[in-house]
Amino acid sequence: MSSPITLLSRGSQGWGHRRGRGLVERRGRKPGSRRAGEAAGVARLVREPGRAMALYSAAASVLAGLQRRDGALKTLVYKSRFQNVKQLYALVSETLRYSPVLDSIMAGAALLKAEKKLPPHLAKVLVYDLLFGKGLKCGGRWKVLVLKHRARLQAELARLKVHRKVSCNEGLLVPTEGMIQAPQVPRYVRVNTLKTCKDDVVDYFKRQGYSYLGRAARMEELSSLSGKQFLLDPHLPELLVFPPQTDFHENRLYIAGHIILQDKASCLPAFLLSPPSEAHVIDACAAPGNKTSHIAAILKNKGQIFAFDLDPNRLATMSTRLVQAGVSCCELANQDFLTIDPSDPKYKNVTYILLDPSCSGSGMVNRLPAEESAPSLERLRALAGFQRKALSHALRFPSLQRLAYSTCSVQQEENEDVVWDVLQEHGTAFRLVNVLPSWPHRGLATFPGAECCLRACPAATLTNGFFVAVLERQQECNSQGSSSSLLAEADGGAERSQDGEGRGPRATRKKRRKKSQCVK
């Protein structure tokens, strides 16, 4: 039996949902239906002038906090308590991307000299949306002040383009050294199978004028998408792929929780963990919750997820997201995973753990100006120390059978080094699993069997930079030296069938009945 979402830090509180596989817009459904009307109402709500002004004010506060070094971008966004976290994060991110350009334009137009009462950070956000966003949506005196200078601001933008010999806005962005460029990374859309199915979502987008090209045979096909074309990913069966920078934040399916905007690399940990229905799973560092909802979809809401996170603001946002996604098998706890007792009877049936601990984030594309510098050696050591503790702690749960460890970092210290240190600490109790043998980017060869791990990066896999390692408890009868067993499995993986490589551990229900899981 599945239990409702529970927030332990706020007392037991459950939310009920109507389960269903229907889309917001179905054939034969009248345009004025209740569900379509609710979705349209949500879309209208984010466009109301007062709400837009609140968005601009919140974005300006986050920019000011970054300047004061009050915290990282994500931390400040969650602390802002603005309801639509993704919308706020997107606005601040884009304003930061264009920050040097905006500074030049506002200085040339003498905006702040003419309007001394206009706060500088608010001015930057407003000018970004006026020139590079979707146009100013707010009312009141600030809009009036900025629009007074619209002609001069637009003239400065045109002058800057001529001076730099570029024809488009993106051309004004000068890449920072070592910065990964996002345009080569497609827009990935995970179908939320708790509410709908892939065929219905594909059918919906086709009715919206998109052209479905079927399942990609090679990863290279993903980089050639343009316009309104889209594909089914070659590795993940519920992942659709659209051209870069396709925006679905106001799409009905996204608002209703039928699709999740999630990078492909971020989908790999839950996909490769592959817990069976009714399994008990721990999501150790869970917020903001996309991986948690992915686990719930794999479980079909029939198992039990224990999700932990230390940040109460992120956890509250995660709770809202899980409700929106239709998750009903998750218990949230505002608690440090390292303080959880593995011998607690509550977790005696936990057989699967997903561990995605805090990391440097060095694999994220288009790193923002406030976050661009490479992590210092001191910070890497501190992060790796925490990651080793978390991974070692997770392996102490007595019934654990399989664990997925992941980071959005490209640093060896947080990835291969952590995995190898913990494997040595636990002797022959656990081994690495050779996952997705067809995946082109493998772990760095820093220890025997490291090629069983997966790496991801924009150039090789068309995703964010990422790392995934899957560990599995050794059978007592097969316990051997870790190095030899890892190498043997890595060698055997190269001989697997093409069909097994492409489909991953959870191909289809019929396939699983006929043959064993391809990733063992």
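This text follows the structure it describes.
Counting restarts for each chain, with residues numbered from 1 along the sequence as it is written. pLDDT decides what is reported in this predicted model: residues at 70 or higher carry local features, side-chain atom pairs at 80 or more are listed and counted, and totals for whole chains, interfaces and linings draw on all residues regardless. Hydrogen atoms and water are omitted, and side-chain values are computed over all heavy atoms in the structure.

Draft legend 1. Focus on the environment of Ser-223. The secondary structure listing takes helices from DSSP runs of H or I that are at least 4 residues long and strands from runs of E that are at least 2 residues long, numbered from the N terminus. For Ser-223, the location among the structural elements is in the loop between strand S3 (211–215) and strand S4 (229–232). A C-alpha to C-alpha distance of 9.5 Å links Ser-223 and Phe-242, two positions 19 residues apart in sequence. Within 3.5 Å is the distance limit for a polar contact, defined as a pair of N or O atoms, with the added protein rule that one can donate a hydrogen and the other accept it, and that residues adjacent in sequence qualify only through two side-chain atoms. A distance of 2.7 Å separates a polar atom in the side chain of Ser-223 from the backbone oxygen of Glu-220.

Draft legend 2. Representation of the packing of helix H5 (residues 99–108) against helix H7 (residues 120–131) in the model. Axis definition: a line fitted to C-alpha atoms, limited for helices to the stretch in contact. Angles are taken between N-to-C directions and run from 0 to 180 degrees. With their axes 10 Å apart at the nearest point, H5 and H7 run at an angle of 95° to one another. One element, H5, and the other, H7, form an angle in the roughly perpendicular class. Side by side, H5 and H7 meet where Ser-99, Leu-102, Asp-103, Ile-105 and Met-106 of the first sit next to Ala-123, Lys-124, Val-127, Tyr-128 and Leu-131 of the second. Working rule for angles: under 35 degrees goes down as roughly parallel, over 145 as roughly antiparallel, 65 to 115 as roughly perpendicular, anything else as oblique. Contacts are assigned to residue pairs with any non-hydrogen atoms lying within 4.5 Å of each other.

Draft legend 3. Geometry of the pattern of salt bridges. Only one rule defines a salt bridge in this text: a Lys or Arg side-chain nitrogen within 4 Å of an Asp or Glu carboxyl oxygen. In the structure shown here, the tally under the stated rule is 17 salt bridges. Across the pair Asp-103 and Lys-124 runs a salt bridge whose closest N-O atoms are separated by 2.9 Å. With Asp-103 in helix H5 and Lys-124 in helix H7, the pair connects residues that are 21 residues apart, well separated along the chain. Ionic pairing is found between Lys-291 and Asp-356, a salt bridge with its closest N-O pair at 3.5 Å. Linking Lys-291 in helix H13 (residues 290–299) with Asp-356 in the loop between strand S10 (350–355) and helix H15 (377–394), this pair joins segments that are 65 residues apart in sequence. Summarising the burial analysis for this pair, Lys-291 and Asp-356 share the class buried. When salt bridges that share partners are traced, they join Glu-94, Arg-97 and Glu-170 into one network. Any residue under 20% of the maximum accessible area for its type is buried, any over 50% is exposed, and the rest in between are partly exposed; the area is computed with a 1.4 Å probe on protein chains only.

Draft legend 4. Here's a closer look at the packing of aromatic side chains. Between 30 and 60 degrees the pair is tilted, below 30 it is stacked and above 60 it is edge-to-face, where a pair is any two Phe, Tyr or Trp rings, Trp via its six-membered ring, whose centres lie within 6.5 Å. Evaluation of the coordinates by the stated rule reveals 21 aromatic pairs. When the centroid spacing of 5.4 Å and the interplanar angle of 80° are considered together, the rings of Phe-205 and Tyr-210 count as edge-to-face. Of the two residues, Phe-205 and Tyr-210, both sit in the buried class. Relative to Phe-337, the ring of Phe-308 lies with its centre 6.2 Å away and its plane at 45°, an arrangement referred to as tilted. In this pair, Phe-308 sits in strand S8 (residues 304–308) while Phe-337 sits in the loop between strand S9 (330–333) and S10, placing the two residues 29 residues apart along the sequence. The exposure class of Phe-308 is buried, given its relative accessible area of 2%. An aromatic cluster of at least three residues, connected via ring pairs, comprises Tyr-204, Phe-205, Tyr-210, Tyr-212, Phe-230, Phe-242 and Phe-248. Charge over a ring is defined by NZ of Lys or CZ of Arg lying within 6 Å of the ring centre and within 35 degrees of the ring normal. In this arrangement the basic side chain of Lys-228 is found over the ring face of Tyr-210, its NZ or CZ atom lying 4.5 Å from the centre.

Draft legend 5. The arrangement of the pairing of S10 in detail. A large share of S10 lies buried, amounting to 5 of its 6 residues. Only strands that DSSP links by at least two bridges are regarded as paired with each other. By the bridge criterion, 4 bridges tie strand S7 (residues 280–283) to S10 in an arrangement that is parallel. Bridge pairing in S10 links Val-281 to Tyr-352. Examined bridge by bridge, S10 and strand S11 (residues 402–407) share 4 bridges and lie parallel to one another. Residue pairing across strands places Leu-355 opposite Tyr-405, the latter belonging to S11.

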